[in-house]
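These are the residues of each chain, in order.
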Amino acid sequence: AQFTGAIYPVNPKGGESIALFFELNQAELHPRAQKQLDIVVSILKSSPQKKLRIGGYTDALGSDDYNLNLSRLRAEAVKQYFISHGVPVAQVETTGFGKSLPLSPNLKPDSSDNPEGRSRNRRAEILLDF
């Protein structure tokens, strides 16, 4: 099962978080994710003092350099969506984390591939610290 929508993971620092999932080797936003982002756009445009942080992540396949770059592209895709909908650049910060901080194991307990777990790790997380 591919995860292509959004979920709300626990933000360890408090506040709300939204996770948006991506296809393998892709940084394009799924239409369902865009609907979730429209809600955040409204909040940011009505409250210019609010800021958010976007972290991009990948699964464990590929080199560290490739995954770091792809994770940055995923975070930037979300940022560009916000900017294209009128959110000022100053309200949005991005970071790419590569394959670090997986939501699910990339491998099963027997060390075989875990495609479902990897699909949950291909994401961008929006931390709503407001």
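None of the values given here were measured: they were computed from a predicted structure.

Draft legend 1. Region of the structure containing the pattern of salt bridges. Counted under the stated rule, the structure contains 5 salt bridges. Of the charged contacts in the structure, one is a salt bridge between Arg118 and Asp59, with a shortest N-O distance of 3.0 Å. Here Asp59 lies in the loop between β3 (52-57) and α2 (64-84) and Arg118 lies in helix α3 (residues 115-121), a separation of 59 residues in the sequence. Assigned by exposure class, Arg118 and Asp59 land together as buried. One connected set of salt bridges, linked through shared partners, spans Asp59, Asp113, Arg118 and Arg122.

Draft legend 2. View of the packing of helix α1 (residues 31-46) against α2. Running from N to C, α1 and α2 cross one another at 55°; their axes reach a closest spacing of 10 Å. Here α1 is positioned oblique relative to α2, judged by the angle of their axes. Read as a crossing pair, α1 and α2 show a hand that is right-handed. On the side of α1, the interface is formed by Gln34, Leu37, Asp38, Val40 and Val41, while α2 contributes Val78, Tyr81 and Phe82. Per-class residue counts for the contact of α1 with α2 are 6 nonpolar, 1 polar and 1 charged.

Scoring rules and cut-offs
Residues numbered from 1 in each chain as written. Predicted model: local features only at pLDDT ≥ 70, side-chain atom pairs only at ≥ 80, totals over all residues. Heavy atoms only, no water. Salt bridge = Lys/Arg side-chain N within 4 Å of Asp/Glu carboxyl O. Helix = DSSP H or I, 4+ residues; strand = E, 2+ residues; numbered from the N terminus. Buried < 20%, exposed > 50% of the residue type's maximum accessible area, 1.4 Å probe, protein only. Axes fitted to C-alpha atoms, helices over the stretch in contact; angles between N-to-C directions. Parallel < 35°, antiparallel > 145°, perpendicular 65-115°, else oblique. Left-handed = near helix turned anticlockwise from the far one by under 90°. Contact = heavy atoms within 4.5 Å. Nonpolar A, V, L, I, M, F, W, Y, C, P; charged D, E, K, R; others polar.

These results come straight from atomic positions and should not be treated as a statement about function.
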